[in-house]
Amino acid sequence: MPLRPASEKKILDAADDLFFTNGIAATPVDAVLARAGVSAATMYRGYRSKEALVAAALTRRHHDWLATWDAAVARCDEAGPRLLAVFDALDDFRSRPTGARWCAFLASAAEYVDPPADVAEAVRLDTETLRTRLTDLARPLVGPEADGLAERLLLVVTGDLAMRLREPDRDTTTARAVAASLITAAAGPTSPGR
């Protein structure tokens with residue numbers, strides 16, 4: 001018998017909050033069950049292990065992140081602002097009630113030396129999605145240089161997320177400025193859409 005949607009939401013909400021705020025290793029399954037108000041039998045009906053629950057929470061977070069990023073891109077009319085919209089999305093995502101201290105995907109990668117396959121796949125998918133979207137958004141600005149620019153921007157985005165551990169109230173102002181200078185350098189001063 002599959003999980004009821006209401007039970008699944010409660011479990012994933014609790015897992016997301018506890019795992020990605022307190023840490024995966026520091027959060028026992030019992031704490032997730034207590035927060036969700038469900039029995040172990042209910043949780044294990046939907047998730048075979050703690051790691052499967054982590055992967056499911058990451059998958060849901062990935063979908064939520066993409067919707068937030070899509071909305072930020074949709075607010076922009078030109079190629080340059082569309083590429084920089086990743087920073088608007090980071091600020092928007094963090095300001096949500098379910099926002100975390102930093103990146104749940106980086107946190108998961110940091111906690112597992114040898115991650116279970118489903119967690120590794122969730123982290124890989126998030127990284128590849130970031131890389132692909134940044135490349136696609138960079139292409140109208142820099143053409144064949146889009147792959148290289150996307151790699152540099154991925155490093156800036158990742159660094160900005162990591163800095164949130166050192167400075168919890170940090171916003172994306174500095175990362176956005178670094179990204180803008182990278183875009184300018186790659187595109188040249190007469191690039192269209194800037």
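Predicted model, so just to flag it, every value in this text is computed and none were measured.

Asks: So what about the nonpolar core? Which residues, and what values?
Replies: Ranked by internal contacts, the top residues of the largest apolar core, which has 61 residues, are L53, W65, W69, L83 and F87. Among the secondary structure elements, those contributing two or more residues to this core are α1 (5–22), α2 (29–36), α4 (50–74), α5 (79–95), α6 (104–111), α7 (117–142), α8 (146–166) and α9 (173–187). With 11 residues, the single largest contributor to this core is α4. Look past the residues within four positions of W65 in its chain and what remains in contact with it is V86, A89, L90, F93, D126 and L130.

Asks: Before we move on, can you summarise the packing of aromatic side chains with the specific residues and values?
Replies: Evaluated as defined, the whole model comprises three aromatic pairs. Relative to F20, the ring of F19 lies with its centre 6.4 Å away and its plane at 65°, an arrangement referred to as edge-to-face. Neither F19 nor F20 differs from the other in exposure class; each is buried. Aromatic ring contacts, followed pair by pair, group W65, W69 and F93 into a single cluster. Residue placement shows R96 over the ring face of F93; its charged tip is 4.0 Å from the ring centre. R133 extends its terminal NZ or CZ atom over the ring of W69, reaching a point 5.5 Å from the ring centre.

Asks: Describe the side chain of T42, naming the residues involved and giving the relevant values.
Replies: Inspection of the secondary structure puts T42 in helix α3 (residues 40–46). On the basis of relative accessible area, T42 is assigned to the buried category, the value being 13%. Ignoring sequence-local partners within four residues, the contact set of T42 consists of L3, S7 and I11.

Asks: Can you tell me about α8, naming the residues and giving the values?
Replies: Here α8 spans 30 Å end to end across 21 residues, near enough to the 30 Å set by a 1.5 Å rise per residue. The set of residues buried in α8 consists of A146, L149, A150, L153, L154, V156, V157, D160, L161 and R164. Relative to the axis of α8, the buried residues are bounded by an arc of 165° and lie together on one face. For α8, the exposed residues set more than 90 degrees away from the buried face come down to L155 and R166.

Asks: Report on the pattern of salt bridges, specifying residues and quantitative values.
Replies: Counted under the stated rule, the structure contains 17 salt bridges. Residue R164 is joined to D91 by a salt bridge in which the shortest nitrogen-to-oxygen separation is 3.7 Å. With R164 in helix α8 and D91 in helix α5, this pair connects stretches of sequence that are 73 residues apart. Owing to a relative accessible area of 4%, R164 belongs among the buried residues under this scheme. On the basis of relative accessible area, D91 is assigned to the partly exposed category, the value being 27%. With its nearest N and O atoms 3.9 Å apart, the salt bridge here joins D160 to R170. Here D160, found in helix α8, pairs with R170, found in the loop between α8 and α9; they are 10 residues apart in sequence, far enough to count as distant. Here the salt bridges do not stand alone but share partners, grouping D88, D91, D160, R164, E167, R170 and R176 into one network.

Calculation criteria
Residues numbered from 1 in each chain as written. Predicted model: local features only at pLDDT ≥ 70, side-chain atom pairs only at ≥ 80, totals over all residues. Heavy atoms only, no water. Core = buried A, V, L, I, M, F, W, Y, C linked by side-chain atoms within 4.5 Å. Buried < 20%, exposed > 50% of the residue type's maximum accessible area, 1.4 Å probe, protein only. Helix = DSSP H or I, 4+ residues; strand = E, 2+ residues; numbered from the N terminus. Contact = heavy atoms within 4.5 Å. Phe/Tyr/Trp six-rings, centres within 6.5 Å; stacked < 30°, edge-to-face > 60°. Lys NZ or Arg CZ within 6 Å of the ring centre and 35° of its normal. Expected span 1.5 Å × (residues − 1). Arc of directions from axis to C-beta. Salt bridge = Lys/Arg side-chain N within 4 Å of Asp/Glu carboxyl O.

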